[in-house]
Amino acid sequence: MYLGLDLGTSGVKAMLMDDNQRIVGSASGALDVSRPHSGWSEQDPADWIKATEEAIAGLKTAHPEALAAVRGIGLSGQMHGATLLDADDKVLRPCILWNDTRSFREAAALDADPQFRAITGNIVFPGFTAPKLVWVRENEPDLFAKVRWVLLPKDYLRLWLTGEHMSEMSDSAGTAWLDTGKRRWSESLLSATGMEERQMPDLVEGTERAGGLRSELASRWGMDAGVVVAGGAGDNAASACGMGTVGEGHAFVSLGTSGVLFAANASYLPNPASAVHAFCHALPNTWHQMGVILSATDALNWYSGIAGCSAADLSAELGDTLKAPSGVTFLPYLSGERTPHNDAAIRGAFAGLGHESSRVALTQAVMEGVSFAIRDSLEALRAAGTTLSRVTAIGGGSRSRYWLKSIATALDLPVDLPDDGDFGAAFGAARLGLIAATGADPVATCHAPKTAETIAPDVGLVAAYEEAYQRYRRLYPAIKGATT
């Protein structure tokens, strides 16, 4: 058996998989986000451990024999989080999360230094780890002086599991400290933020061993001591391993809290001017490009709270037949935007509202706004040299057929739906655990699931969607000075 642990923003998911890659069971533990100030987003790392214990306990209750047979563990996690430890591995402050935008000034200052884009292949976004440490240095100097280790969220979980300070390439590429082409820490970038390489974890590939399970935990969970813990991956690279998105030109769109358009690359193809992320993949000698929007299902959940109706019911009100855009446009910039704007201060808006604008029309606009934001990412990927012929849909939002039809039509690309099954980050992490424990071939192991259905663009609405998209594009510069 192989165990995948995915540390997300809203919970920890634990998944058991056998050596035929059949999912035996899964369980989860919930997490909350603290937002003490506008633009802040934090979690207590102790809550990650508590949620992991809860998830493992659920598996142990339901599948004790399977859990006892685990030979490899893979880790996946939310990226970019700054988990700060002192010399005794004590957590110094709540982790500053990926969607925290407090360090937008520090990020802009780092991005103005040409070496960051040249070495990392990326814009320095406010959500990245490096500008957060500059913010801590400037605003919490006494605490900054105590920082011995900076770990990403899943790697703090690894420290608890194994006692090792280690990370891997895909997650570390989101720090703004990694030389992404050479797959190693950059001493010059660390120095530019007042950091040293000794404060960074050791690096391995996501498919390699990165410690063994501590005997205390193995005993508690009924496992053998020394179970191999793989390097693992950042959440999107782990999802790509679960989806088999590891070969050139393969792509998926993820409709989760945030939205992601992810394309695998056989070579390193940076183009930071397009605001596309160019990161290492979890597999050796592989990279990926990624457009990221900060509010996808988060936008519909926000509107659901305003409308007093569940997101599922709002989606059901639309039916399954795609409608032409109504003229109401929604910009989903509830917490700023990454691709293509790199704007932490911008905020969302409805435009084109009239007396006739019903709840259904606003729901439609919210879904279209997210679809158009993903189209922005497609255009950015194209500018970075990647051509896609189709995408596979994953994430909670992919349960809405209306939304999938909207995305297919906005992108003018077919959207594949995988066979029933959970092929997300926890599954990808379990695959990496299998590879690290057995030496299995990474590409053969990370194969794509069968396609259950393909949703084609609505040919009759492609032109109307294109017109609505161009209207959407004109709105960002129009509101930029009015919402900040």
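Our structure is the block above this text.
Please read these numbers as outputs of a predicted model, since none were measured by experiment.

S.K.: Help me out: how do you make sense of the overall build of the protein chain in this one?
M.R.: Secondary structure assignment for the protein chain yields 18 helices and 24 strands. Taken over C-alpha atoms, the radius of gyration comes to 21 Å for the protein chain, in line with the 23 Å a tight globule of 484 residues would show. Buried residues in the protein chain amount to 61% of all 484 residues. Summarising the internal contacts of the protein chain: among those between residues at least 6 apart in sequence, 73% fall at separations of at least 24.

S.K.: Hey, could you run me through the packing of helix α11 (residues 235-243) against helix α16 (residues 425-438) in this one?
M.R.: Two packed helices can be described by the angle between their axes and the distance between those axes. Running from N to C, α11 and α16 point in directions that differ by 75°, and their axes come no closer than 7 Å. Classed by the angle they form, the pair α11 and α16 counts as roughly perpendicular. Contact residues: Asp235, Ala238, Ser239, Cys241 and Gly242 in α11; Ala425, Phe427, Gly428, Ala429, Arg431 and Leu432 in α16. Tallied by class, the residues present in the contact of α11 with α16 amount to six nonpolar, three polar and two charged.

S.K.: What is the right way to read the sheet that holds strand β24 (residues 451-455) from this model?
M.R.: Across a sheet, strands are paired by hydrogen bonds formed along the backbone, either parallel or antiparallel in direction. Overall, mixed pairing links the seven strands, which are arranged β18-β19-β17-β16-β22-β23-β24 in an open sheet. Each edge of the sheet is formed by a strand with only one pairing partner; in this case those strands are β18 (277-280) and β24. The sheet shows a mean angle of 30° between the axes of neighbouring strands, direction not considered. Contacts from α11 reach β16 (251-255), β17 (259-265), β19 (287-293), β22 (391-394) and β23 (415-418), with the element oriented near 65° to β17.

S.K.: Is there a simple way to explain the pattern of salt bridges in this structure?
M.R.: Note that side chains of opposite charge can pair when their charged atoms are close. One pass over the full model with this rule turns up 25 salt bridges. Because the salt bridges share partners, they merge into one network encompassing Glu42, Arg93, Asp100, Arg102 and Glu140.

S.K.: Which parts of the structure should I look at to understand the state of the cysteines?
M.R.: A disulfide bridge is the covalent bond that connects two cysteines by way of their sulfur atoms. In this structure the tally under the stated criterion is zero disulfides. No disulfide involves cysteine 241; its nearest neighbouring cysteine sulfur is the one of cysteine 446, lying 4.3 Å away. With no disulfide partner, cysteine 280 has as its closest neighbouring cysteine sulfur the one in cysteine 241, 13 Å distant. Cysteine 280 sits in the buried class, given a relative accessible area of 0%.

S.K.: Any chance you could explain the side chain of arginine 183 here in plain terms?
M.R.: Of note, arginine 183 is situated in the loop between β10 (178-179) and β11 (184-185). A residue is classified by how much of its surface remains accessible, and arginine 183, at 9% relative accessible area, is buried. At 3.3 Å, the side chain of arginine 183 and the backbone oxygen of histidine 281 are in polar contact. Separated by 2.9 Å, the side chain of arginine 183 and the backbone oxygen of threonine 286 make a polar contact. Not counting chain neighbours up to four residues away, the residues in contact with arginine 183 comprise Met169, Leu178, Glu205, Cys280, His281, Leu283, Pro284, Asn285, Thr286 and Trp287.

S.K.: Explain the pairing of β18 here, please?
M.R.: The side chains of a regular strand alternate between both faces of the sheet. The pairing of β18 with β19 spans four bridges and is antiparallel. By the bridge assignment, phenylalanine 279 is partnered in β19 with histidine 288. Remark: six residues form the turn of the hairpin made by β18 and β19, two consecutive strands paired antiparallel; asparagine 285 in that turn has positive phi of roughly 55°.

S.K.: Looking at this structure, how should I read the layout of surface pockets?
M.R.: The gaps left among the atoms become clear once a water-sized probe is rolled over them. Size it by volume and the second largest pocket reaches roughly 280 Å³. As for the second largest pocket, its lining consists of 17 residues, of which Ala311, Ala312, Ser315, Gly396 and Ser400 are closest to the centre. Among the secondary structure elements, those contributing two or more residues to the lining of the second largest pocket are α12 (297-307), α13 (311-318) and α15 (401-411). When residues in the lining of the second largest pocket are grouped by element, the largest group, four residues, is from α13. Residue classes in the lining of the second largest pocket are distributed as seven nonpolar, seven polar and three charged.

S.K.: I tried to follow helix α7 (residues 153-162) on my own but got confused; where do I start?
M.R.: Along an α-helix, residues three or four positions apart point the same way, because every turn accommodates 3.6 residues. Along α7, 10 of the 10 residues are buried, which leaves the element largely enclosed by surrounding structure. Taken together, the buried positions of α7 are Pro153, Lys154, Asp155, Tyr156, Leu157, Arg158, Leu159, Trp160, Leu161 and Thr162. Count one or two residues on from α7 and you reach glycine 163, which has phi positive near 80°.

S.K.: Just to check I follow, could you spell out empty space enclosed by the protein for this structure?
M.R.: According to the stated counting rule, one finds two cavities of 30 Å³ or more in the structure shown. Taken as a whole, the largest cavity spans an internal volume of roughly 80 Å³. Thr101, Pro126, Gly127, Leu294 and Arg338 are, among the 13 residues lining the largest cavity, the residues nearest its centre. Counted by class, the lining of the largest cavity contains five nonpolar, four polar and four charged residues. Lining of the second largest cavity is provided by Thr129, Val150, Leu151, Leu152, Asp155, Ser167, Thr175, Trp177, Trp185, Met200 and Pro201.

S.K.: I keep staring at the packing of aromatic side chains and nothing clicks. Help me out?
M.R.: Aromatic ring pairs: the centre-centre distance and the angle between the two ring planes describe each pair. Tallying each qualifying case throughout the model produces 17 aromatic pairs. Centre to centre, the rings of tryptophan 40 and tryptophan 135 are 5.4 Å apart; their planes meet at 90°, and the pair counts as edge-to-face. In this pair, tryptophan 40 sits in the loop between β3 (23-30) and β4 (42-43) while tryptophan 135 sits in helix α5 (residues 129-139), placing the two residues 95 residues apart along the sequence. Judged by its relative accessible area of 9%, tryptophan 135 is buried. When the ring of tryptophan 48 is compared with that of tyrosine 156, the centres are 6.1 Å apart and the planes differ by 70°; the resulting orientation is edge-to-face. Taken together, the positions of tryptophan 48 in helix α1 (residues 45-62) and tyrosine 156 in helix α7 put the pair 108 residues apart, joining distant regions of the chain.

S.K.: Would you explain the packing of helix α3 (residues 104-111) against α5 in this entry?
M.R.: Interaxial distance between α3 and α5 falls to 8 Å at its minimum, and their mutual angle equals 115°. The hand of the α3/α5 crossing is right-handed. Facing α3, whose interface residues are Glu106, Ala107 and Leu110, α5 presents Ala130, Pro131, Val134, Trp135, Glu138 and Asn139. Residues of the contact of α3 with α5, tallied by class, amount to six nonpolar, one polar and two charged.

Rules used in this analysis
Residues numbered from 1 in each chain as written. Predicted model: local features only at pLDDT ≥ 70, side-chain atom pairs only at ≥ 80, totals over all residues. Heavy atoms only, no water. Helix = DSSP H or I, 4+ residues; strand = E, 2+ residues; numbered from the N terminus. Rg over C-alpha atoms; globule rule 2.2 N^0.38 Å. Buried < 20%, exposed > 50% of the residue type's maximum accessible area, 1.4 Å probe, protein only. Contact = heavy atoms within 4.5 Å. Axes fitted to C-alpha atoms, helices over the stretch in contact; angles between N-to-C directions. Parallel < 35°, antiparallel > 145°, perpendicular 65-115°, else oblique. Nonpolar A, V, L, I, M, F, W, Y, C, P; charged D, E, K, R; others polar. Pairing = 2+ DSSP bridges. Salt bridge = Lys/Arg side-chain N within 4 Å of Asp/Glu carboxyl O. Disulfide = S-S within 2.5 Å. Polar contact = N/O pair within 3.5 Å; in protein donor to acceptor, adjacent residues only side chain to side chain. 1 Å grid on protein atoms, 1.4 Å probe; cavity = no way out; pocket = protein on both sides within 12 Å on 5 of 7 lines; lining within 4 Å. Points joined across faces, edges and corners; volume = space filled by probe spheres on them. Phe/Tyr/Trp six-rings, centres within 6.5 Å; stacked < 30°, edge-to-face > 60°. Left-handed = near helix turned anticlockwise from the far one by under 90°.

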